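# Inside the fold
Each chain is listed here by its residues.
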Amino acid sequence: MSIETLAKWVSESGRIVFFGGAGVSTESGIKDYRSQDGLYTTVKEYGISPEVILSHTFFFEKPDVFYDFYRRFFISDASPNDAHKALAELEKAGKLSSVITQNIDGLHQKAGSEAVIELHGTALEFLCTKCREKTDGTKAVKAIAEDAMPMCPLCGGLLKPKVVLYEEPLYDGVAERAIAEIANADMLIVGGTSLAVYPAASFVEYFKGKHLVLINKSETPLDQKADLVIHDSIGKVMRAVLEHPEVGLW
Ligand SMILES: [Zn+2]
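One structure accompanies this document, and this report is about it.

Here is what the cut-offs are and how they apply
Along every chain, residues carry numbers that run from 1 in the direction the sequence is written. Reporting in this predicted model follows two pLDDT cut-offs: at least 70 for local features of residues, and 80 or more for side-chain atom pairs to be given and counted; totals over whole chains, interfaces and linings ignore these cut-offs and use all residues. Excluded from the side-chain calculation are hydrogens and water; included are all heavy atoms of the structure. Only nitrogen, oxygen and sulfur atoms within 2.8 Å of the metal, or 3.2 Å for Na, K and Ca, are treated as donors, and water is left out, so sites may look incomplete. Every geometry call rests on angle ranges, with four donors termed tetrahedral when all angles are between 85 and 135 degrees, four termed square planar and six termed octahedral when opposite donors are over 155 degrees apart and all others are between 65 and 115, and everything else termed irregular. What counts as a helix is a DSSP run of H or I of at least four residues, what counts as a strand is a run of E of at least two, and both are numbered from the N terminus. Partly exposed residues are those whose accessible area sits between 20% and 50% of the maximum for their type, while under 20% is buried and over 50% is exposed, using a 1.4 Å probe and protein chains only. Two strands qualify as a pair provided that DSSP identifies no fewer than 2 bridges between them. Any pair of residues with heavy atoms lying within 4.5 Å of one another is described as a contacting pair. In this description, a line fitted to the C-alpha atoms serves as the axis of each element, helices being fitted only across the stretch in contact, and the angle between N-to-C directions of two axes falls anywhere from 0 to 180 degrees. Throughout, the protein atoms alone are placed on a 1 Å grid, and a set of points is a cavity if a 1.4 Å probe fits but cannot get out or a pocket if it is open with protein on both sides within 12 Å along at least five of seven lines; lining residues have an atom within 4 Å of a point. Grid points are joined across faces, edges and corners, and a volume is the space filled by probe spheres set on the points. Gly is placed with the polar residues, together with every amino acid not listed as nonpolar (Ala, Val, Leu, Ile, Met, Phe, Trp, Tyr, Cys and Pro) or charged (Asp, Glu, Lys and Arg). Side-chain rings of Phe, Tyr and Trp, where Trp is taken by its six-membered ring, are said to pair if the distance between their centres is within 6.5 Å; with planes under 30 degrees apart they count as stacked, over 60 as edge-to-face, and otherwise as tilted.

### Examining the coordination of the zinc ion
Looking at the zinc ion, the protein donor atoms are Cys128 (SG), Cys131 (SG), Cys152 (SG) and Cys155 (SG), and they sit 2.3 Å from it. Its 4 donor atoms give the zinc ion angles of 98 to 116° at the centre, a pattern that matches the tetrahedral case. Along the chain, the residues that donate to the zinc ion are spaced as C-x2-C-x20-C-x2-C. A residue pair is termed long-range when its members are at least 10 positions apart, and Cys131 in the loop between strand S4 (121–128) and strand S5 (134–135) and Cys152 in the loop between helix H9 (137–145) and strand S6 (159–163) qualify at 21 residues. Look at Cys131 and you get partly exposed, because its relative accessible area is 28%.

Spelled out as structure tokens, the structure:
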């Protein structure tokens, strides 16, 4: 029944914005360091929490430990799942104006999405901490995968991923772009996030369109506010919507 409603709304909408979190990536097999399991493993093996390892201070103090953690949680050969693919398809069909994501794995772009706002940056691009030059991310990722620290090919300085670490602000203009997209949307689909990570929940407040939809396996603090809540796999729901005759894109 809820798929029916969602499909109807998708067919009627022309400016859908999708706001997604870790749950979108975990369905591609990406490990979530914020999950109970991720937290447990990290504390057990490093003696500190993921939030400490992923902080600005820690990066400069112990880059070797930082990159060891990075290799295990952020480097993967994961492929886009049905959620990523469905969103790319909706963008091509002119129904979706943008994807706003808290994930840093680049899977939306890999699926073909072009209008992607990465709130926390991307794990696939790097900047030199010394000469500030941008560098070939593929080589840096390869070095990390081989258990080495990525170094700048120009000056030998340490490379830093273009991700927003704890203690760091979001990149300039990113929050503003996300808010503008949400404010102009006629439908907002929030998926795969418990909305616990700041400032995600506050962004939703800017939505003034017709339908607010939440798709998440567990309950979220915004469930009460939504026009439709589906507690299920985001990939499964998006596939069902695209296959629904009302939408008919798959
Ligand atoms: Zn350099």
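### Quick word on the sheet that holds S5
Strand order in the open sheet made by the 3 strands is S5-S4-S6, with antiparallel pairing throughout. Each having just a single partner strand, S5 and S6 make up the two edges of the open sheet. Strand direction decides the pairing type here: S4 and S6, joined by 5 bridges, are antiparallel. Looking at the pairing, Gly121 lines up with Val163 of S6. Packed onto the sheet, helix H6 (residues 63–74) meets S4 and S6 and runs at close to 45° relative to S6. Along the sheet, H9 contacts S4, S5 and S6; its crossing angle with S4, the most-contacted strand, is approximately 100°.

### Looking at unusual backbone geometry
In this structure, Asp147 is a non-glycine residue whose phi angle is positive, near 75°. Relative to the helices and strands, Asp147 is located in the loop between H9 and S6. The phi torsion at Glu167 lies on the positive side, around 80°, for a residue other than glycine. Mapping Glu167 onto the fold places it in the loop between S6 and helix H10 (174–184).

### So, the layout of surface pockets
If a probe the size of a water molecule is rolled over the atoms, the empty space left behind becomes visible. Taken as a whole, the largest pocket encloses approximately 560 Å³ of empty space. Tyr33, Arg34, Gln102, His120 and Val164 are, among the 30 residues lining the largest pocket, the residues nearest its centre. Taken together, the elements giving at least two residues each to the lining of the largest pocket come down to helix H2 (22–26) and H6. Among the elements that line the lining of the largest pocket, the one with the most residues is H6, at 4 residues. In this structure, the second largest pocket spans a volume of roughly 390 Å³. Examining the composition of the lining of the second largest pocket, we find that 3 residues originate from one element, H2, more than from any other. Within the lining of the second largest pocket, the residues separate by chemical class into 5 nonpolar, 12 polar and 5 charged.

### So, the packing of aromatic side chains
Under the definition given, this model contains 14 aromatic pairs. Relative to Phe69, the ring of Tyr33 has its centre 6.2 Å away and its plane inclined at 70°; by these criteria the two rings are edge-to-face. In this pair, Tyr33 sits in the loop between H2 and helix H3 (36–46) while Phe69 sits in helix H6, placing the two residues 36 residues apart along the sequence. Since its relative accessible area comes to 9%, Tyr33 is described here as buried. Through a chain of ring-to-ring contacts, the aromatic side chains of Tyr33, Tyr46, Phe59, Phe60, Phe66, Tyr67, Phe69, Tyr70, Phe73, Phe74 and Phe126 assemble into a single cluster.

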